[in-house]
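Per-entry structural report
So you can see what is in the structure, the chains are spelled out below.
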Amino acid sequence: SFIGEESVAAGEGSILTDNPTWIIDPIDGTTNFVHRFPFVAVSIGFVVNKKIEFGIVYSCIEDKMYTARKGKGAFCNGQKLQVSGQEDITKSLLVTELGSNRDPEAIKIILSNM
């Protein structure tokens, strides 16, 4: 199966099944891209049985390739990454983006997909 960010952003629903599924966002950071803010990436994930197996994020402008595989860790340009030891979510940074369409039905679909 295939889930593309562009179709979801256009208001289509997405259903994640147990089938092997590619999840792709070819311009992750579209708003940044449009405004020439240099944080744009190509993001690809692969899911089986609704569980992520691996992901790749290529930060085009920075020329950084982030990779992660279930049970194998995460890397940036081949260098192993570490997570912080922070366990208190109130001291953490969480980020999401809902897109630019504020139509109530579009927001409902976007939140449902999340």
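Structure shown above.
In short, a report on the structure.

Calculation rules
Residues numbered from 1 in each chain as written. Predicted model: local features only at pLDDT ≥ 70, side-chain atom pairs only at ≥ 80, totals over all residues. Heavy atoms only, no water. Helix = DSSP H or I, 4+ residues; strand = E, 2+ residues; numbered from the N terminus. Buried < 20%, exposed > 50% of the residue type's maximum accessible area, 1.4 Å probe, protein only. Lys, Arg positive; Asp, Glu negative; His and termini not counted. Salt bridge = Lys/Arg side-chain N within 4 Å of Asp/Glu carboxyl O. Polar contact = N/O pair within 3.5 Å; in protein donor to acceptor, adjacent residues only side chain to side chain. Contact = heavy atoms within 4.5 Å. Pairing = 2+ DSSP bridges.

Here's the deal with the side chain of Asp25
- Tracing the sequence through the fold places Asp25 in strand 2 (residues 21–28).
- Here Asp25 is buried and forms no salt bridge, its nearest opposite-charge partner Arg102 lying at an N-O distance of 14 Å.
- Within the structure, the side chain of Asp25 is placed 3.3 Å from the backbone nitrogen of Ile27, a separation counted as a polar contact.
- At 3.4 Å, the side chain of Asp25 forms a polar contact with the backbone nitrogen of Asp28.

A short note on the environment of Val47
- As for its position among the elements, Val47 is in strand 3 (residues 41–48).
- Judged by relative accessible area, Val47 falls into the buried class, the value being 4%.
- Not counting residues within four places of it along the chain, the set of residues in contact with Val47 comprises Leu16, Asn19, Pro20, Thr21, Ile23, Ile52 and Glu53.

So, the pattern of salt bridges
- The tally for this structure, following the rule as stated, stands at two salt bridges.
- Lys70 is the partner of Glu53 in a salt bridge, and the nearest nitrogen-oxygen pair spans 4.0 Å. Of the two residues, Glu53 is situated in strand 4 (residues 51–59) and Lys70 in the loop between strand 5 (64–69) and strand 6 (73–76); the sequence distance between them amounts to 17 residues.
- Glu53 gets classed as partly exposed once you look at its relative accessible area, which sits at 28%.
- In this structure, Glu62 and Lys64 form a salt bridge, with 4.0 Å as the shortest nitrogen-oxygen distance.

Observations regarding the pairing of strand 6
- Of the pairings in the sheet, the one linking strand 5 to strand 6 comprises four bridges and is antiparallel in character. In the strand pairing of strand 6, Tyr66 is matched with Cys76.
- From the end of strand 5 to the start of strand 6, which pair antiparallel, there are three residues, and Gly71 there has a positive phi angle of about 80 degrees.
- Inspection of the sheet shows strand 6 paired to strand 7 (residues 79–80) by two bridges, in the antiparallel sense. Bridge pairing in strand 7 places Cys76 opposite Gln79.
- The antiparallel hairpin formed by strand 6 and strand 7 contains two residues in its connecting segment, where Asn77 sits at a positive phi of about 50 degrees.

These figures capture arrangement, not role.
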